[in-house]
Amino acid sequence: MEERASSEPGAAEVLPQHEFDRRSLRAHLKEHLPGFEAEPEAELVVTQYRSGQSNPTFYLQKGFQEYVLRKKPPGPLLPKAHQIDREFKVQKALFSIGFPVPKPLLYCSNASVIGTEFYVMEHVKGRIFRDFTIPGVSPAERSAIYVAMIETLAQLHSLNVHSLQLEGYGIGAGYCKRQVSTWTKQYQAAAHQDIPAMNQLSNWLMKNLPDNDNEENLIHGDFKLDNIVFHPTQSRVIAVLDWELSTIGHPLSDLAHLSVFYFWPRTVPFLNQSSHFQEDIGIPSMEELISIYSRCRGITPILPNWNFFLALSYFKMAGILQGVYSRYLLGNNVSENSFLFASVVQPLAETGLQLSKRTLRTAPPHGDTTQQLFAQSKRGQEVLSQVKHFMKQHILPAEKEVIEFYAQNENSENKWEKPLVIDKLKEMAKAEGLWNLFLPAISGLKQVDYALIAEETGKCFFAPDVFNCQAPGAGNPKCKIAIVLGRTENTSASRHKQHSMILVPMSTPGVEVIRPLSVFGYMDHLHGGHFEIHFNQVRVPASNLILGEGRGFDIAQGRLGPGRIHHCMRIVGLAERALQIMCTRATQRVAFKKKLYSHEVVAHWIAESRIAIEEIRLLTLRAAHKIDTLGSSGAKKEIAMIKVAAPRAACKIVDRAIQVCGGAGVSQDYPLANMYALTRTLRLADGPDEVHLSAIAALELGDQARSLRAKV
């Protein structure tokens, strides 16, 4: 048999562990496959597709004829896995009614021919997109490809199982329970280490099975973009491949499997992918795909138990990849990158656990957000909705308990500890995926998205800590290593090159913690407080310098990144909370025989406060938008402006709220005193107003000068 390079994309020489007797195959096909010997002198060329992770798949070429062969992997296999006879059966049934699948040609159960069972089907010429972002096509075509894919899935789920004569192909009712049980056993049989998240997810799935676990539809089991062949030039599905996991079961399992990339953990690379999911490139949102699917099937887009099916999909994927890695250890893997999956199982299981605890919207939101001045992404809308719900249900009700904890422990040894309720809230937030939202690379949020989320968390002083979104620079009295910013005496260097950052272990001789410092009487126990520390002839190795001498300013600015306006974002929420308190008090309290809001001065305070909040919100969003589009350097003026405007406005609003509340406003019965301390301090801590004003003036003068020169 001839061995030469294949012109088929994705196919290469056969892996050594999957070699078989090609002469025996040719003899069998000559006898049983009509037309195979149309060119008797033509050589049979065999190459192997490298993209799959399960049943080895081969490209056969004999003269002008092209075929695809699928076979079982060699060696010991997991029970009920790799049943290629089922693949052949379902493709034959689907092809007979015109559903887009390759034409099945021949099935061979005689393992003596090439060592395992196999079947042969027609080769379908078209496009297979391995990268779900589909690089190289326009956004319009990308969108059309996704629509064609979801319409094909809806078509599959609309087929009548009985008319396909596939009775007995699967048990049907009770599918979800069987899936959890099957994949639990498959994982346990292949596991090479104990992963608690897999066990926890398995238990949760078994305890939260859908009530409607009785639907009987033909499902694919692995329906995704790279298992579909599209027309060479049109956005049309011409073949659905890889029916190994097909059965009779619940159709939402297919839909959820197709949707997993929307939630893919950013710490785990997608195989064959150039990037994670991103909006604005033509890929429909999950809600839009569900809407199209539901319309095609004639069902409601509000899908029950959606979080269950997403969690089940991640559980299955984790189990499958564990099996792939197990075959790698046994030496009968299909793909060369199978060894990578050892580290993927745990994060997938953890993502499944997070999804199990979330309430997810499946119907598109009402209204068109594209016309908004600073539009949120779909992801931003979803996370903001979750944060609002979490704040209302869990954080705000715990505020009194947290305040009382710090009041009771102010002079005790536990004053630097956190109340247990905060740790509990942190666990809940992390389980819901509301964690590290301020990091775009992890959360997938734009700065405009995060600005609105940070506004919500600004309504409670400990909320950012719950979501692990404290602004950069938060302290910690238990820290073991200090990052010290010091000025180097170098008059020849520019002022931005005279500072260095160096790591100093707190145990180093000469480091002396003198005392904690209060801010307006508050010790700020929650985030670690502020300390006076003396460094007396402290010496550490020169290697402790970060990036080298004179790089301190660069590091400080770079580390802040978009975090430079986190305080401003939260201040908007704080101002909203203060106005809410002001209005509530004004409608309850009577002075001089009429409610406080009836006094014109109080009414004007309320009105002025609303105007100020809308102004600083718009300026905050403009700064966030410019960071998103131009980067921090392109938003220098807006960043400086909001750092002046937000604390100033919030200070006035909080002051008015205190005045309306009277003596109670400065007591522990209200959070207003703490709010005032925070906002007033920000006019120093986030850079003195005067420094920002000077920067704004310099930038404005520069802009005006450039404008004048342009006119001249």
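Along every chain, residues carry numbers that run from 1 in the direction the sequence is written. Totals for whole chains, interfaces and linings use every residue, but because this is a predicted model, local features are given only for residues with pLDDT of at least 70 and side-chain atom pairs only at 80 or more, for both listing and counting. Remark: hydrogens and water are excluded; side-chain values derive from all non-hydrogen atoms of the structure.

A look at unusual backbone geometry
Phase 1: A positive phi angle is found at Gln-165, which is not glycine, with a value near 55 degrees.
Phase 2: Comment: elements are numbered from the N terminus, with helices defined as DSSP H or I runs of at least four residues and strands as E runs of at least two. By the secondary structure assignment, Gln-165 is in the loop between α3 (139-157) and α4 (175-190).
Phase 3: For every residue, the accessible area obtained with a 1.4 Å probe (protein chains only) is divided by the maximum for its type, and the residue is called buried under 20%, exposed over 50%, and partly exposed between those limits. Using a relative accessible area of 64% as the deciding quantity, one classes Gln-165 as exposed.
Phase 4: One non-glycine residue, Phe-592, lies in the positive phi region at around 55 degrees.

Describing the packing of α4 against helix α5 (residues 196-207)
Phase 1: Where α4 meets α5, the closest approach of the two axes is 9 Å, and the angle between their N-to-C directions is 160 degrees. What the angle tells us is that α4 and α5 run roughly antiparallel. Where α4 crosses over α5, the handedness of that crossing is left-handed. Contacts between α4 and α5 involve Lys-177, Val-180, Ser-181, Thr-184 and Tyr-187 from the former and Met-198, Asn-199, Ser-202, Leu-205 and Met-206 from the latter.
Phase 2: For the contact of α4 with α5, the class distribution of residues is 5 nonpolar, 4 polar and 1 charged. Only the stretch in contact is used when a helix axis is fitted, and all axes are lines through C-alpha atoms; the angle between N-to-C directions ranges over 0 to 180 degrees. Every angle not falling under 35 degrees, over 145, or within 65 to 115 is termed oblique; those three ranges are roughly parallel, roughly antiparallel and roughly perpendicular. Left-handed describes a crossing in which the near helix is turned anticlockwise from the far one by less than a right angle; the clockwise case is right-handed. Should any heavy atoms of two residues lie within 4.5 Å, those residues are considered in contact. Polar here means any residue other than Ala, Val, Leu, Ile, Met, Phe, Trp, Tyr, Cys and Pro, which are nonpolar, and Asp, Glu, Lys and Arg, which are charged; Gly is therefore polar.

Observations concerning helix α11 (residues 420-431)
Phase 1: Take the number of residues in a helix, subtract one, and multiply by 1.5 Å to get its expected span. Over its 12 residues, α11 extends 17 Å from the first C-alpha to the last, a length consistent with the 16 Å expected when each residue adds 1.5 Å.
Phase 2: Looking only at α11, the buried set comprises Val-421, Ile-422, Leu-425, Lys-426, Ala-429 and Ala-431.
Phase 3: Buried residues belonging to α11 abut α9 (345-356), α10 (378-408) and α14 (463-466).
Phase 4: Gly-433, located one to two residues past α11, shows a positive phi value of around 80 degrees.

A short note on the sheet that holds strand β4 (residues 65-71)
The strands making up a sheet associate through backbone hydrogen bonding, with each pair oriented either parallel or antiparallel.
Phase 1: Pairing between two strands requires that DSSP report at least two bridges joining them. As summarised here, the arrangement of the 6 strands in space is β1-β2-β3-β4-β6-β5, forming an open sheet in which the pairing is antiparallel. A strand with exactly one partner marks an edge of an open sheet, and here the two such strands are β1 (11-12) and β5 (104-108).
Phase 2: Helix α2 (residues 84-96) contacts β4, β5 and β6 (118-122) of the sheet and is inclined by roughly 155 degrees relative to β5.

Here we look at empty space enclosed by the protein
In this approach the atoms are scanned with a rolling probe the size of a water molecule, which exposes any empty space left behind.
Phase 1: Throughout, the protein atoms alone are placed on a 1 Å grid, and a set of points is a cavity if a 1.4 Å probe fits but cannot get out or a pocket if it is open with protein on both sides within 12 Å along at least five of seven lines; lining residues have an atom within 4 Å of a point. Grid points are joined across faces, edges and corners, and a volume is the space filled by probe spheres set on the points. Following the criterion strictly, the structure yields 1 cavity of 30 Å³ or more and no others.
Phase 2: Considering only enclosed or pocket space, the largest cavity measures out at about 30 Å³ in volume.
Phase 3: What lines the largest cavity is Ser-253, His-257, Leu-312, Ser-313 and Lys-316.
Phase 4: Sorting the residues of the lining of the largest cavity by element identifies α6 (252-259) and α8 (306-330) as the ones contributing at least two each.
Phase 5: Counting residues per element, the lining of the largest cavity draws most heavily on α8, at 3 residues.
Phase 6: Split by residue class, the lining of the largest cavity holds 1 nonpolar, 3 polar and 1 charged.

Brief notes about the pattern of salt bridges
Close approach of charged atoms lets side chains of opposite charge pair.
Phase 1: Salt bridge, as used here: a side-chain nitrogen of Lys or Arg that lies within 4 Å of a carboxyl oxygen of Asp or Glu. Here the structure, examined in full by the defined rule, presents 29 salt bridges.
Phase 2: Linking Asp-242 and Arg-70 is a salt bridge whose minimum nitrogen-to-oxygen distance equals 2.9 Å. Of the two residues, Asp-242 sits in the loop between β9 (237-240) and β10 (247-249) while Arg-70 sits in strand β4, which places them 172 residues apart along the sequence.
Phase 3: According to the relative accessible area criterion, Arg-70 is buried, its value standing at 7%.
Phase 4: The residue Glu-638 makes a salt bridge to Arg-622 at a minimum N-O spacing of 3.5 Å. Here Arg-622 lies in helix α17 (residues 600-630) and Glu-638 lies in helix α18 (residues 636-661), a separation of 16 residues in the sequence.

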